[in-house]
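Results of the structural survey
Here is how the chains run, residue by residue.
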Amino acid sequence: MPYLSISMSTIVRLSCYFAVLVLLPAAPAAWARTAWLGGLGGETQHKGPPPAIYDLEIPVTMPPEIKRQVMAMYAMEADRRGGAVFVFWDKPDKALPAIPWLVALLGDQELAVAKQGRIPVGMVSSRLLEELGQPAVQPLMDALAQGPETHAQLMILRVLGKIGEAGSLEAIIKKSQFPPPPSEREKPSLVNIAPDLKRLKQEPPPPEVRAQAVEALLNFKDPRAAPALLAALDDPDPRVRAAAAKTLGQRGDPQALSALIAKGGDAEMEVRREVIGALKRYQDRLAVEVFLAGLKDPDEQVRRLAAEALGAVRDIRASQPLLAAVGDPDALVRRNAITSLQYYNTPEAVKPLAKALQDKDNAVRAQAALVLGPIGLGPVSDPEAVAALVRAAKDVHPQVRRNAVLALKHVRGPQAMEALLAACQDGFKPVRVHAVNNLGFNEDPRARNSLIQALGDPDAEVRQRAAEGLGRLKSQEAVKPLIDSLEDPERRVREAAADALQVITGWRYGMDQAGWRQWYQNQRQ
């Protein structure tokens, strides 16, 4: 038998190798947590899979194709972990055995490659769990009960809220609650004081977790959800109160209206924003006072929401405050106030709206032109409104010109006619469309001539509106140009020309240009 020689260094290396094989299974979770939280450096790196995944054991009976993807979820590369989850997207039913690992990956914030770009691995996993639905609920609740790190709790609550399964409601409500102050709690029992002391020292969930839990209650129709949301309106953290107001508004719970009105004067800006946004959805005049106060709020976002909400409730008390808001320093407040004024139709709005047509903001001028038309151009057109709209028809911004021309549709008079004739040559197509359409309702001879010229416009919609207008006016001088339009490359133009010819002449040749030419020749003879 030959002599086998093994060096001492080889023996040492083999000893270390077998020691790692023996000790590694007992230490992966602790090692992973240390590495994931930044190790000895003290900086949070969050590299690799979340530590919770190392607490899971892969069963021997797991199918090989599922096991292959589960093993990839342990990879240090985020793309491999995300790719393993993506494999199940096409066949979600195959993912059922992998649900515990998908839940563990919810805390994974590293970015992985996806069709939409790079997205967090946890987000990829959350969408798959939402698709799986009810089978994922219990594993999600088990993970939530273990008190994982904050981001993982946020993701778990988000998925549970999307699924909306009744069995998870109590767990979500518990995460939304803030314990009452000591003075309001039950006094410790003299018989058994230890449990009471333990409860008194219990820490509430972090504010961001409570806020996410509140938002998760949106899809639950269970009657237990509304009281939990109402209680969250009194949470000491503004993020939770804001989330409660937003969710109550989206749900539209009738019993929440008075509670939301009471919160309209909350000290925190973000809460007031959500309260007004929620009350706007109710469209109830009981909330008018909150909206009127919101118009004077120091926060421009609150003023914007309030100005918009007053258009929905249509309460006469809002008319004067909205007129004042047309002069607000914030452009979006001014625009929303102008939009809401269209529902009040007060003649007092003509002067502020005419002034708003000179606003430095393009969107404000465009909205003022749109609203001034119905208010100032009623049965008796206001001269100031007409003059302001005629000037706006020459504005530097195309949308302002378009809205001004649209508003001048039913105005008669030399000023309006000149503005519409000039607008037929505008470089912005919508301006020409509305100008030509408006001229089709005007008996002025100049309107007919301009419409005949518009039959040669480069845009098909303009040509179509010109043909329709000539038909309404029954313009005899337009017969020959309309016959020529029967060879237009656009069918809708040819159809409009044929209809106009029938209205003008009383004859029916349809789109038969040869027939119309013969008829026209016979008429001339």
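Note: the structure precedes this text.
If you're wondering where the values come from, they're calculated on a predicted model, not measured in any experiment.

The next subject is the overall build of the protein. Regarding its fold elements, the protein presents 30 helices and two strands. Across the 525 residues that make up the protein, the buried fraction comes to 47%. For the protein, the share of sequence-separated contacts (at least 6 apart) that also reach a separation of at least 24 residues comes to 62%.

Two numbers describe how helix H17 (residues 300-313) lies on helix H19 (residues 331-341): the axes approach to 8 Å, and their chain directions differ by 10°. Our classification of the angle between H17 and H19 gives roughly parallel. Judged by residue contacts, Glu300, Arg303, Arg304, Ala307, Glu308, Leu310 and Gly311 of H17 engage Leu332, Val333, Asn336, Ala337 and Ser340 from H19.

Any two aromatic rings considered together are summarised by their centre-to-centre distance and by the angle between their planes. On inspection of all chains with the given rule, the structure shows five aromatic pairs. Between Tyr54 and Tyr74, the ring centres sit 5.8 Å apart and the planes meet at 65°, which makes this aromatic pair edge-to-face. With Tyr54 in the loop between helix H2 (28-36) and helix H3 (64-72) and Tyr74 in the loop between H3 and helix H4 (78-87), this pair connects stretches of sequence that are 20 residues apart. Residue classification places Tyr54 among the buried positions, given a relative accessible area of 18%.

Considering the arrangement of structural elements, one finds His434 in helix H25 (residues 429-439). Taking the relative accessible area as the measure of exposure, His434 reaches 16% and is therefore buried. Look past the residues within four positions of His434 in its chain and what remains in contact with it is Arg402, Val405 and Leu406.

So, about the pairing of strand E1 (residues 111-114). Where burial is concerned, the two faces of E1 differ: the one with Ala112 and Ala114 is buried and the one with Leu111 and Val113 is not. Sheet analysis places E1 next to strand E2 (residues 117-120), joined by four bridges and oriented antiparallel. In the sheet register, Val113 faces E2, and the bridge partner there is Arg118. Turn length for the E1-E2 hairpin, with the two strands adjacent in sequence and antiparallel, is two residues.

All right, on to the side chain of Asp237 then. Checked against the element boundaries, Asp237 lands in the loop between helix H12 (225-232) and helix H13 (238-251). A polar contact is formed between the side chain of Asp237 and the backbone nitrogen of Arg239, at a distance of 2.9 Å. Those residues in contact with Asp237 that sit more than four places away from it in its chain are Pro207 and Arg210.

Considered for burial, the residues of H3 that qualify are Ile66, Gln69, Val70 and Ala72. Summarising the axial view, the buried residues of H3 lie within an arc of 160°, below the 170-degree limit, and thus occupy one face. Among the exposed residues of H3, those pointing more than 90 degrees away from its buried face are Pro64 and Arg68.

What follows covers the packing of helix H6 (residues 121-132) against helix H8 (residues 150-163). What describes two packed helices is the angle between their axes and the distance between those same axes. Direction vectors running N to C along H6 and H8 enclose 25°, while the axes themselves pass 9 Å from each other. Taken together, the axes of H6 and H8 lie roughly parallel to each other. Crossing angle aside, the handedness with which H6 passes H8 is right-handed. Along the contact surface, H6 presents Gly122, Met123, Ser126, Leu129 and Glu130, while H8 presents Met155, Arg158, Val159, Lys162 and Ile163. For the contact of H6 with H8, the residue count by class is five nonpolar, two polar and three charged.

Those residues of helix H24 (residues 414-423) that sit buried are Ala416, Met417, Ala419, Leu420, Leu421 and Ala423. Close packing links the buried residues of H24 with helix H22 (383-392), helix H23 (398-407), H25 and helix H26 (445-454).

For the rest of this paragraph, the subject is the nonpolar core. Membership of the largest hydrophobic core comes to 153 residues, with the highest contact counts inside it found for Met73, Leu129, Leu140, Leu260, Leu310, Leu389 and Leu482. Contact partners of Leu310, with chain neighbours within four places excluded, come to Phe291, Leu292, Leu295, Ala318, Leu322, Ser340 and Tyr344.

With that settled, consider the environment of Ile66. Mapped onto the elements of the fold, Ile66 is located in helix H3. Ignoring anything within four residues of it in the chain, the contact list for Ile66 reads Phe88, Lys94, Pro97 and Ala98.

A few words on unusual backbone geometry. For Arg314, which is not glycine, the phi dihedral falls at a positive 55°. Summarising the element assignment, Arg314 is placed in the loop between H17 and helix H18 (319-325). We note that Lys474 has phi near 50°; this positive angle belongs to a residue other than glycine. In this structure, Lys474 sits in the loop between helix H27 (460-473) and helix H28 (479-484). We classify Lys474 as exposed; its relative accessible area is 53%.

Counted under the stated rule, the structure contains 34 salt bridges. Lys429 is the salt-bridge partner of Glu461, the closest N and O atoms lying 3.2 Å from each other. With Glu461 in helix H27 and Lys429 in helix H25, the pair connects residues that are 32 residues apart, well separated along the chain. Through salt bridges with shared partners, a single ionic network connects Lys429, Asp459, Glu461 and Arg465.

Conventions adopted
Residues numbered from 1 in each chain as written. Predicted model: local features only at pLDDT ≥ 70, side-chain atom pairs only at ≥ 80, totals over all residues. Heavy atoms only, no water. Helix = DSSP H or I, 4+ residues; strand = E, 2+ residues; numbered from the N terminus. Buried < 20%, exposed > 50% of the residue type's maximum accessible area, 1.4 Å probe, protein only. Contact = heavy atoms within 4.5 Å. Axes fitted to C-alpha atoms, helices over the stretch in contact; angles between N-to-C directions. Parallel < 35°, antiparallel > 145°, perpendicular 65-115°, else oblique. Phe/Tyr/Trp six-rings, centres within 6.5 Å; stacked < 30°, edge-to-face > 60°. Pairing = 2+ DSSP bridges. Polar contact = N/O pair within 3.5 Å; in protein donor to acceptor, adjacent residues only side chain to side chain. Arc of directions from axis to C-beta. Left-handed = near helix turned anticlockwise from the far one by under 90°. Nonpolar A, V, L, I, M, F, W, Y, C, P; charged D, E, K, R; others polar. Core = buried A, V, L, I, M, F, W, Y, C linked by side-chain atoms within 4.5 Å. Salt bridge = Lys/Arg side-chain N within 4 Å of Asp/Glu carboxyl O.

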